[in-house]
Amino acid sequence: MATEQQEQSRIEQLRHQNADELEHIAGREKENLEGWIPNLASDAEVREALEKAFDYRGDITVTRKDGSQVTGYLFDRRTGTSLADSAVRIIPSTERTKLTIPYSDIAALAFTGRDTAAGKSFEAWVKKYWEKKAAGEKNIAIQPEALD
């Protein structure tokens, strides 16, 4: 259990940082992908964009080569030796089925949804906790935000 002096020291330290600064992990650059439409000119660009889409915690919109579009959460990807034997799996935002789309069928990709994980690091949660504690609140419970 921390002493009052240790708590005050930690509160002062956190007061000078914002949630975005706290979210950074040493050695990893935070990218803001929300709204990004990557160039998919080469196989390498397709693979790189889909890896980023897999790590993204918002909806993406995939435009297939036949012109149809799917907007939803990309929850899985399977990489093979070529684009034809690689695929992404998406849960469309309008239904609860799981679609599999080969990389070779993807004409365009857009990061259209809000990144629900942005600013939600453990350090940001701890900062909110210490701010509430410094304000004298008791029985502190920080609730997650609604996902819309």
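Definitions and limits used
- Residues numbered from 1 in each chain as written.
- Predicted model: local features only at pLDDT ≥ 70, side-chain atom pairs only at ≥ 80, totals over all residues.
- Heavy atoms only, no water.
- Helix = DSSP H or I, 4+ residues; strand = E, 2+ residues; numbered from the N terminus.
- Expected span 1.5 Å × (residues − 1).
- Buried < 20%, exposed > 50% of the residue type's maximum accessible area, 1.4 Å probe, protein only.
- Contact = heavy atoms within 4.5 Å.
- Core = buried A, V, L, I, M, F, W, Y, C linked by side-chain atoms within 4.5 Å.
- Pairing = 2+ DSSP bridges.
- Axes fitted to C-alpha atoms, helices over the stretch in contact; angles between N-to-C directions.
- Salt bridge = Lys/Arg side-chain N within 4 Å of Asp/Glu carboxyl O.

1. Comments concerning helix 3 (residues 43-55)
Item 1. Taking 1.5 Å of rise per residue, 13 residues should cover 18 Å, and helix 3 covers 19 Å from first to last C-alpha, within 8% of that figure.
Item 2. Among the residues of helix 3, those classed as buried are Val-46, Ala-49, Leu-50, Lys-52, Ala-53 and Phe-54.
Item 3. On the buried face of helix 3, the contacting elements are strand 1 (60-64), strand 2 (69-78), strand 3 (87-92) and strand 5 (106-110).

2. Thoughts on the nonpolar core
One recurring pattern in soluble globular proteins is that nonpolar side chains are buried together.
Item 1. Residues Leu-50, Ile-60, Leu-74, Val-88, Ile-90 and Leu-109 are the most contacted members of the largest nonpolar core, which totals 20 residues.
Item 2. Contributing elements (two or more residues each) for this core: helix 3, strand 1, strand 2, strand 3 and strand 5.
Item 3. Sorting elements by how many residues they give to this core places helix 3 first, with five residues.
Item 4. Each residue touching Leu-109, except ones within four places of it in the same chain, is listed here: Trp-36, Ile-37, Pro-38, Leu-40, Ala-49, Leu-50, Ala-53, Ile-60, Thr-61 and Val-62.

3. So, the sheet that holds strand 3
Item 1. What the five strands build is an open sheet, ordered 4-3-2-1-5; its pairing is antiparallel. Edge strands, defined here as strands with exactly one partner in the open sheet, are strand 4 (99-102) and strand 5. Direction aside, the axes of adjacent strands within the sheet are offset by 45° on average.
Item 2. Taken together, the six bridges between strand 2 and strand 3 define a ladder with antiparallel strand orientation. Among the inter-strand pairings, Arg-78 is bridged to a residue of strand 3, identified as Ala-87.
Item 3. Packing of helix 3 onto the sheet brings it into contact with strand 1, strand 2, strand 3 and strand 5, and relative to strand 2 it is tilted by some 95°.

4. Regarding the environment of Tyr-103
Item 1. Relative to the assigned elements, Tyr-103 resides in the loop between strand 4 and strand 5.
Item 2. By relative accessible area, Tyr-103 is classed as buried at 1%.
Item 3. Between the C-alpha atom of Tyr-103 and that of Val-88, which follows or precedes it by 15 residues, the distance is 6.9 Å.

5. Points about the pairing of strand 2
Item 1. Across four bridges, the pairing between strand 1 and strand 2 is antiparallel. Paired with Val-62 across the two strands is Val-70, which belongs to strand 2.
Item 2. Between the antiparallel neighbours strand 1 and strand 2 lie four residues, among them Gly-67 with a positive phi of about 95°.

6. Some thoughts on the pattern of salt bridges
Item 1. As enumerated under the stated definition, the model contains four salt bridges in all.
Item 2. The salt bridge partner of Asp-76 is Arg-78, with a shortest N-O separation of 3.3 Å.
Item 3. With its nearest N and O atoms 3.3 Å apart, the salt bridge here joins Asp-76 to Arg-89. You can see Asp-76 sitting in strand 2 and its partner Arg-89 sitting in strand 3, a full 13 residues away along the chain.
Item 4. Relative accessible area serves as the criterion here: at 17%, Asp-76 is assigned to the buried category.
Item 5. Sharing partners across several salt bridges, the network here consists of Asp-76, Arg-78 and Arg-89.

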